[in-house]
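# Understanding the architecture of this molecule
Listed below are the residues making up each chain.
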Amino acid sequence: MDILKVKGNTYCIDTGMTYIPFYKINQEEIVMLDTGLKKGERDGIERVLEDNNFRVRGILNSHAHIDHIGNNAYLKNKYKSIIAMSDCEAIICSSEIKLKLYYESQTLRSLKENCSHMICKTDISIAENQHEVSLCGVNFRILHTPGHSPDHICSITPDDVAYLGDTLISYEVMRGSKMPYAYILSEDMKSKAKLYDLKCSKYVVAHKGMYNDITKLIDDNMDFYESKAMRIYELIDEPMTMEDIMKAVIKSFAIKVKDMHKYYVIERMLKSYVEYLYDIEKLKLIMENGFLKYTK
């Protein structure tokens, strides 16, 4: 893993899969903006921290997904780090039972087996109407961008560098993505549009890019998500249950589903697109023979 300088005291750890920004308080103390995955990233992140004699004083999370808070509890225990997170995301990752509020299709047993490392105590909760947070003596501006997750936030460092988390995805990710994720796509689209008014000197996207200007990237992200929704819309050629739609999408998008974990992921992704099509009144819900079905 490499360290990339963004601007001033703002840097990124390039894990190969993601950019994890951090802000240097001084030569030894840092605030991390997300902490990456446990599996596949923890060892490399820890090596970077130790090789540079960094101590993680604080963690400011964009949202409570497994690839963004996977090392929260581990780093907090090791460095006594202070964790800051938006209100709702803090609640989600406070226990396995609350985690099921988000991963509703997974069993509690499955969550305990696969996601228990996501559970962490948040020290500073960021309210919905709060637009700045002080963490370890450093002031970060906050932009609330719900949609990709219930209470996703973007953070702006004192160097005027905006960390956008997963509000946008890079061109590299768009080229390889069959169906990018959003929790509530209609809200995610609003949050993407909100970024047009964000004027910073640098922008970092978690998956995975660094930009001086994001105007075109916003346009292309919104078009990309919309195109995926419309492709799903075209597959609904009769009243169909969610499972019927999922079967059609898996076949049309050539998605390989080899285990329950992948099934749950695809199910969560697809639900957002179908609900988006309902929200924009391209689909309606009907009851047919005792089953809830979507139709044009």
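Residues numbered from 1 in each chain as written. Predicted model: local features only at pLDDT ≥ 70, side-chain atom pairs only at ≥ 80, totals over all residues. Heavy atoms only, no water.

## Digging into the pairing of strand E8 (residues 132-135)
Residues in a regular strand point their side chains to alternate faces of the sheet. This is how the line gets drawn: Burial status follows relative accessibility: with a 1.4 Å probe on protein chains alone, a residue under 20% of its type maximum counts as buried, one over 50% as exposed, and anything between as partly exposed. Helical segments are the DSSP runs of H or I of at least four residues, strand segments are the runs of E of at least two, and each set is numbered from the N terminus. Any two strands with at least two DSSP-identified bridges between them are counted as paired.
Where burial is concerned, the two faces of E8 differ: the one with Val133 and Leu135 is buried and the one with Glu132 and Ser134 is not. Across 4 bridges, the pairing between E8 and strand E9 (residues 138-144) is antiparallel. In the sheet register, Val133 faces E9, and the bridge partner there is Phe140. The turn joining E8 and E9, which pair antiparallel and follow one another in sequence, is formed by 2 residues; a positive phi near 55 degrees is taken by Cys136.

## Some thoughts on helix H11 (residues 260-279)
Here is the rule: By this rule the span expected of a helix is its residue count minus one, scaled by 1.5 Å. Should any heavy atoms of two residues lie within 4.5 Å, those residues are counted as being in contact. We define a polar contact as two N or O atoms separated by no more than 3.5 Å, with the added condition that, inside protein, one atom must be a possible hydrogen donor and the other a possible acceptor, whereas residues neighbouring each other in sequence contribute only through side-chain atom pairs.
If you check H11, its first and last C-alpha atoms are 28 Å apart, about what 20 residues at 1.5 Å a residue would give, namely 28 Å. Among all positions of H11, only Tyr264, Ile266, Arg268, Met269, Leu270, Ser272, Tyr273, Val274, Tyr276 and Leu277 are buried. Considering only its buried residues, H11 is in contact with helix H8 (185-194), helix H9 (215-235), helix H10 (242-252) and strand E15 (291-295). N-capping of H11 is provided by Asp259, with a side-chain oxygen placed 3.2 Å from the backbone N of His261. Positive phi shows up at Glu281, right after H11, with a value of about 65 degrees.

## Comments concerning the side chain of Ser62
In this fold, Ser62 is placed in the loop between strand E5 (55-60) and helix H2 (66-69). A polar side-chain atom of Ser62 sits 2.7 Å from a polar atom in the side chain of Asp34.

## Here's the deal with the sheet that holds strand E1 (residues 2-7)
For clarity, the threshold we go by: With axes taken as lines fitted to C-alpha atoms, and helix axes fitted only over the stretch in contact, angles between N-to-C directions fall between 0 and 180 degrees.
The strand order across the open sheet formed by 7 strands is E1-E2-E3-E4-E5-E6-E7, and the pairing between neighbours is mixed. At either margin of the open sheet sits one strand with a lone partner, and together these are E1 and strand E7 (124-126). Strand-to-strand twist across the sheet, computed as the mean angle between neighbouring axes with direction ignored, equals 25 degrees. Where strand E3 (residues 19-24) lies against strand E4 (residues 29-32), 3 bridges are found, and the strand directions are antiparallel. Paired with Phe22 across the strands is Met32, a residue of E4. Contacting E4, E5 and strand E6 (82-86), helix H3 (residues 72-79) runs over the sheet at an angle of about 140 degrees to E5.

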